[in-house]
Amino acid sequence: MPVHVLPRDGKQKNTVPTHLTVIPIPLICINTDFTGKAVKGNVSWKGPLVSLPEDNFVIKVVIEGKDDSPSTSINVILFGHLAKDFYSAAKIADVVVASGFTVGKSPTAHKDKLHPYNLLLKGDNAFIYAPRPAKIVKYTYTKIADLKAGTVVNVYGVVVFFKPPYQSRGTDICSSVNIIDQSNRKVCCTIFCAKITAHPQILRVGDIIRMHRLKAQSFNGTLNLISTAGFSVVTFDGAVDRPIEPRTSCRSFVFDEDDRLTVEELRSWAATNSVLPPTQMVVLSEVQPNTFFDLTCQLLAKATVDSNCVMLRVWDGTRCPHKMLNVVPDPNSTDGPTSFPDQQKDFILNIFVYDNHVQQAEQLKPGDFLRVYNIHASLGSDKEPGVRVDTGGEGCHLTLALHGGTSYGKGIQVIPETSPDLMDMKRIMNNIVDDIKDSPSDSDMLDVWVTPPESPDCLLQFCIGRMCTHRLQSVSLAEVKQSDPGGRHHVRVQLKSYEPQLLYQSLKLHCSECLTLQEVPDDDAVARIFEEALGDSRLSSPAWLIPIPISSTHRSKMAYVFRQVATNVRSNGGLLLRGCTLEEACQLTTLVTNVVPVRESEGRIALLDLTAPFLFRGKRRFYGCKHCSNAQLVVPQWQGVHTINEELVAKAFGIQMLKYVLLFKLELQDATGTLDALLWRDAETFFSVSADDAATNQEAQDNIRQTMDFLCPQEGSKAERPWLEVCLATYQPDDSQNQTCYQICDTTVHRPA
């Protein structure tokens, strides 16, 4: 194995082969023979492991030397199984030794300010000496029926009741959860932790929970579990059909195939044995007076009423059937919009939050998705303390309140924006927003009524400043780099550079299923696939297939052939096409709405390789994901369908359609330094241009080019780079716990005329 692991005892230097001479990093230069030489340093940065075709891998790390010479850092690029082994064996701060490397010029030295050369390790002669990874601990879990007082245990269970974290009488934050397992025994677990992030991230009754290091104690004849030193917890969605994705704030935890099977078994058992209590979760359109219920919603604004009450203005996309209090909050105490268009008011309700829940309510941000537990709906209250109420002459109104205390699970929980529980609600909200956008009278108010997919809105205006629904003070890029992942920040920056410079290269294809990004195939690659499929077919064609075998003798009659085909297929709305070149297929798309290219394979008609478009519609080309598609050519069942669109075609042929997206890497700068941020999830919002249009429309392409020229003038230009108010999100990639990345979120460019 090319990575030699060493004991974690601080004596690695004694186990490195004696024939190697360690040289200081500052002495690394090009055109030098490094046979028998090695470089030693601490791993200061470790990038993600990138998988390449043909079972190949690559990883980039930075090692920092600490010899007698000044401390120097250098990029190290590892290839093949050396990269894969290193990714598993080494961690940040480990001391490693590299040998058998070659030296190349660093293309990023001017940006990262590291050593001007890289170390490249690949092939049989390249080696890394790294500490041995810590031994993986195998945990044992106790069934609830087998718990004994005085023992410290690890347990799995299904959540049947829980209280969200709340401030205890001491200094710790407390939460509690009742769980059950296949032994049909229940137990109450009480958890004390100083940080709220260390508590279970439970979203609903039925979630699966795993807890380590709980002590079983007996009180009044009942056995309970109490958290002890080293307590840790992981939770999972309890729905049988949901992905098994751990929810935890731990930076490292063990989760193997046995754990996966345990979660699946608990899910299936809970779903078939009626162990869960009836749900209290309702939508606003189902709220009835004199009831208690749980609500999933989005926070639009909040207002401080007094020291014991905060009012939350929320919606979930449905209308409450009852008359609500028309509350007029004090603008000076409101975070978020103070007014909404008339069409929106019917969807907004106020929740009054009292006593011990006020502190948490004050920390919420407009745009957050919430789950509020045990709300009380009552009739007859004409007013709430500290706010102006317009009763309109009617004395009977519905009031929603989250009262003090923690009984019956009262509390507020922020729901991750990526939670599957939010998918249906977001879809309903987006439909409402689209309907309101069609109303000219309310167009000026839409900036405060947007449902972001991942974060609150931030509107960028050059030289004017941001217009936000949330209040965040601007911070420097240096402060952003020092912050923990998972936050949002406002920064005032300039655009120093961007990639790719050739803007057509920013267009990518994205699969919503496997979440991969891939390049858009160029015309040469697509043309080769058409050429391979070219040739006269020996098949007799079924009625739904209209072939166009075109030989060299037919080239002069192309226009006639196209006209005849177009006439034949207008009634069918599409054409399955074989036996022509890419150029000829593109000409045909000017006459036929839907063109699906096909080929002959083993005596049958089949779709082309998915590297090529599976559908042409005018200038638009639609591609499918090779990994997620089960492509097969069948007789489409489109009877009664008035319009055949790309979704219908993809579904008929078992194709997972790829979506065009825009991807840029922007280098931002301010007085404290630079920072690389990705722009892709909100790139369409940023440019006010859809990626679909950018793929085919010259005007859309010009819009992007002009915008980038304005933000980052070319060298030699007298134009000054504008200062931009930008909203940044920080996050950790799924495959890395040691790397923080940055992304521009919900920012719109308004370029001066």
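Residues numbered from 1 in each chain as written. Predicted model: local features only at pLDDT ≥ 70, side-chain atom pairs only at ≥ 80, totals over all residues. Heavy atoms only, no water.

Enquirer: Before we go on, may I ask you to explain helix H3 (residues 257–272) in this structure?
Expert: Turn by turn, an α-helix covers 3.6 residues, leaving residues three or four places apart pointing in a common direction. Its 16 residues give H3 an end-to-end C-alpha distance of 23 Å, which sits within 8% of 22 Å, the value for a rise of 1.5 Å per residue. In this structure, the buried side of H3 is in contact with strand S11 (152–167), strand S12 (173–180), strand S14 (208–219) and strand S15 (222–236). The opening residue of H3 is Asp256, an N-cap whose side-chain oxygen sits 3.1 Å from the backbone nitrogen of Asp258. Residue Ser274 follows H3 closely and has a positive phi angle near 50°. (Helix = DSSP H or I, 4+ residues; strand = E, 2+ residues; numbered from the N terminus. Expected span 1.5 Å × (residues − 1). Contact = heavy atoms within 4.5 Å. Polar contact = N/O pair within 3.5 Å; in protein donor to acceptor, adjacent residues only side chain to side chain.)

Enquirer: Is there a simple way to explain the packing of aromatic side chains in this structure?
Expert: Aromatic rings in a pair are described by how distant their centres are and how their planes are angled relative to each other. One pass over the structure, following the stated rule, counts eight aromatic pairs. Taken together, a centroid distance of 5.1 Å and an interplanar angle of 85° make the contact between Phe162 and Tyr373 edge-to-face. In this pair, Phe162 is assigned in strand S11 and Tyr373 in strand S22 (residues 369–379), connecting sequence segments 211 residues apart. Across this residue pair, the class does not change: Phe162 and Tyr373 are buried. Ring pairs connect the aromatic residues Phe664, Phe686 and Phe687, which therefore count as one cluster. The ring of Tyr87 has Lys46 lying over it, and the distance from NZ or CZ to the ring centre is 4.6 Å. Lying over the aromatic face of Phe79, Lys122 brings its terminal NZ or CZ to 5.2 Å of the ring centre. (Phe/Tyr/Trp six-rings, centres within 6.5 Å; stacked < 30°, edge-to-face > 60°. Buried < 20%, exposed > 50% of the residue type's maximum accessible area, 1.4 Å probe, protein only. Lys NZ or Arg CZ within 6 Å of the ring centre and 35° of its normal.)

Enquirer: Explanation requested: the sheet that holds strand S36 (residues 659–662) in the structure shown.
Expert: Strand pairing in a sheet relies on backbone hydrogen bonds. The paired strands run either parallel or antiparallel. With antiparallel pairing, three strands are arranged side by side in an open sheet as S30-S29-S36. With partners counted over all chains shown, the strands left at the sheet margins are strand S30 (517–519) and S36, one partner each. Each strand axis lies, on average, 45° off the axis of its neighbour in the sheet, ignoring direction. Two elements, strand S29 (residues 507–510) and S30, share three bridges in a ladder whose sense is antiparallel. (Pairing = 2+ DSSP bridges. Axes fitted to C-alpha atoms, helices over the stretch in contact; angles between N-to-C directions.)

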